[in-house]
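So the chains spell out like this:
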Amino acid sequence: MIKKILKWTGIGLLVLVVALSVTVAMRQNLKYEAPYPDIALSTDSATLKRGEYLVYGPGHCADCHGKVDMMEAKENGDIVPLIGGYQFNLPVGTVYVPNITPDKETGIGNIETKALARALRYGVKPDGSVVFDFMPFHNTSDADMSAIFSYLKTMQPVKHEVPQSKLNLLGKVVKAFLIKPVGPDGDVPKVVEEDTSVEYGKYLANSVANCRGCHTKRDLMTGAFIGPEFAGGFEMESIVEPTKYKCVTPNLTPDPETGRLAGWTEQAFINRLHGGKAIRHSAMPWGPFKRMSDNNLKAIYRYLQTVKPVHNKVEKTLVEIPA
Ligand code: HEC
Ligand code: HEC
């Protein structure tokens, strides 16, 4: 009797496992629908200049898509080729950063701009699959999106094959059931007027420079935001010794006791951001941010003074991982 029950439970479990793996396998190729943003390309010099500024400055595309062995140049904020190849080692597997030069075979030269813009805005790749949510450009304005892609078109195409991302078993399960394309919250603006207002600072910090994305706790599996905004405490591996050190983002909210910026004047903030990297392990794109204008930094500073203060003490931003 017992034997029989065991046998049937065993078969039941087996059927379940098989069914689950089949479902997981089938759901690896899930395709999603999303509208194509209406992004016009331009060769106007002011637009191209704006594009270069966004790509190598606040939008920091270069930090992830830049040539991997050009670390020093990236930290200087230099114009490096955007040939990709950097790998993110995550609990779900390895995600590779693609080549975004206009090379027709290995880059984005053969992909329609509206399909690329859709990937950034709605998290749906040109082939309909989901984009892992590394990039903060869901609410980037039409005008800025257009400047970015107009500029990318003018870059030198570089042939550089980047491997396909590889998910592990956990990653496949997560992809099958938990990851959905992330899109904009609300209507995306056509243009956001550039000035030193809180409103413009909010736009940069949330929708271009990703201050919010790193200075808020995230779920490492899905990328979902799980902590109070800008309160810090998000852990990321050291970019130079990932097995030995990790970095923890400081609290950028205006909490008088635990906020990193407590006591910083606007000028001190601008000077710090223009000062570049102090902790070599840090994943913060200090190089590109060095290129940010005083006025853009003023706007970010002013915005950060208005976010909800959160009491969250981040003791150390660089932590040694016990061996
Ligand atoms: C934090 C790192 C990071 C930053 C910053 C970043 N990217 Fe990406 N980008 C990625 C990763 C990782 C992928 C691949 C995601 C995936 O495969 O799901 C990607 C994918 C893309 C793709 C999709 C290519 C395709 O055909 O699927 C485009 C286009 C792109 N990025 C453009 C940009 C631009 C333009 C910027 C700057 C405005 C930028 N990225 C900034 C990490 C980054
Ligand atoms: C890719 C992740 C990432 C992004 C994006 C990011 N940061 Fe950071 N930030 C970090 C990490 C990690 C640290 C701690 C290590 C360090 O100080 O470099 C940090 C530290 C800081 C510090 C403290 C520096 C000091 O010397 O005390 C400030 C201020 C700061 N970030 C502001 C910003 C602002 C403003 C933005 C957006 C314009 C931003 N960060 C975007 C990861 C990030």
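In what follows, the structure referred to is the one given above.
This write-up is about the structure you can find in this document. Source: prediction; values computed, not measured.

Criteria and thresholds
- Residues numbered from 1 in each chain as written.
- Chains lettered and ligands numbered in written order.
- Predicted model: local features only at pLDDT ≥ 70, side-chain atom pairs only at ≥ 80, totals over all residues.
- Heavy atoms only, no water.
- Donors = N, O, S within 2.8 Å, 3.2 Å for Na, K, Ca; no water.
- Tetrahedral: all angles 85-135°; square planar, octahedral: opposite > 155°, others 65-115°.
- Helix = DSSP H or I, 4+ residues; strand = E, 2+ residues; numbered from the N terminus.
- Buried < 20%, exposed > 50% of the residue type's maximum accessible area, 1.4 Å probe, protein only.
- Pairing = 2+ DSSP bridges.
- Axes fitted to C-alpha atoms, helices over the stretch in contact; angles between N-to-C directions.
- Core = buried A, V, L, I, M, F, W, Y, C linked by side-chain atoms within 4.5 Å.
- Domains from an automatic or database assignment.
- Contact = heavy atoms within 4.5 Å.

1. Describing the coordination of the iron atom of ligand 1
- Distances from the iron atom of ligand 1 to its protein donors, namely H65 (NE2) and M135 (SD), fall within the range 2.0 to 2.2 Å.
- Taken together, the 6 donor atoms coordinating the iron atom of ligand 1 span angles of 86 to 179° at the metal, a pattern that classifies the geometry as octahedral. With H65 in helix 3 (residues 61-65) and M135 in the loop between helix 5 (113-122) and helix 6 (142-153), this residue pair connects regions lying 70 residues apart in the sequence.
- Given a relative accessible area of 9%, H65 falls into the buried group.
- M135 sits in the partly exposed class, given a relative accessible area of 27%.

2. Some points on the sheet that holds strand 4 (residues 235-237)
- With antiparallel pairing, the 3 strands of this open sheet are ordered in space as 4-5-6. This sheet does not close on itself; its edge strands, each paired only once, are strand 4 and strand 6 (318-320). Direction aside, the axes of adjacent strands within the sheet are offset by 35° on average.
- As paired strands, strand 4 and strand 5 (residues 245-248) are joined by 3 bridges and run antiparallel to one another. Within strand 5, the residue paired with M236 across the bridge is C247.

3. Side note on the coordination of the iron atom of ligand 2
- Taken together, the protein ligands of the iron atom of ligand 2 are H215 (NE2) and M284 (SD), with distances of 2.1 Å.
- Around the iron atom of ligand 2 sit 6 donor atoms; with metal-centred angles ranging over 86 to 179°, the donor geometry is octahedral. In this pair, H215 sits in the loop between helix 9 (211-214) and strand 4 while M284 sits in the loop between helix 10 (266-275) and helix 11 (286-290), placing the two residues 69 residues apart along the sequence.
- On the accessibility criterion, H215 (9% relative accessible area) is buried.

4. Quick notes on the nonpolar core
- Counting 47 residues, the largest nonpolar core has V55, Y56, L82, L152, F230, F269 and L304 as the members making the most contacts within it.
- Per-domain counts for this core show at least three residues from each of domain 2 (31-188) and domain 3 (192-323).
- Not counting the four nearest positions on each side in its chain, L152 is found in contact with V55, L82, I100, P102 and I108.

5. Things to note about the sheet that holds strand 1 (residues 87-90)
- If you walk across this open sheet you meet the 3 strands as 1-2-3, and the pairing is antiparallel. Two strands in the sheet have a free side with no partner beyond their single neighbour: strand 1 and strand 3 (166-167).
- When strand 2 (residues 93-96) meets strand 3, the two strands line up antiparallel, connected through 2 bridges. Looking across to strand 3, one finds that T94 is bridged to K166.

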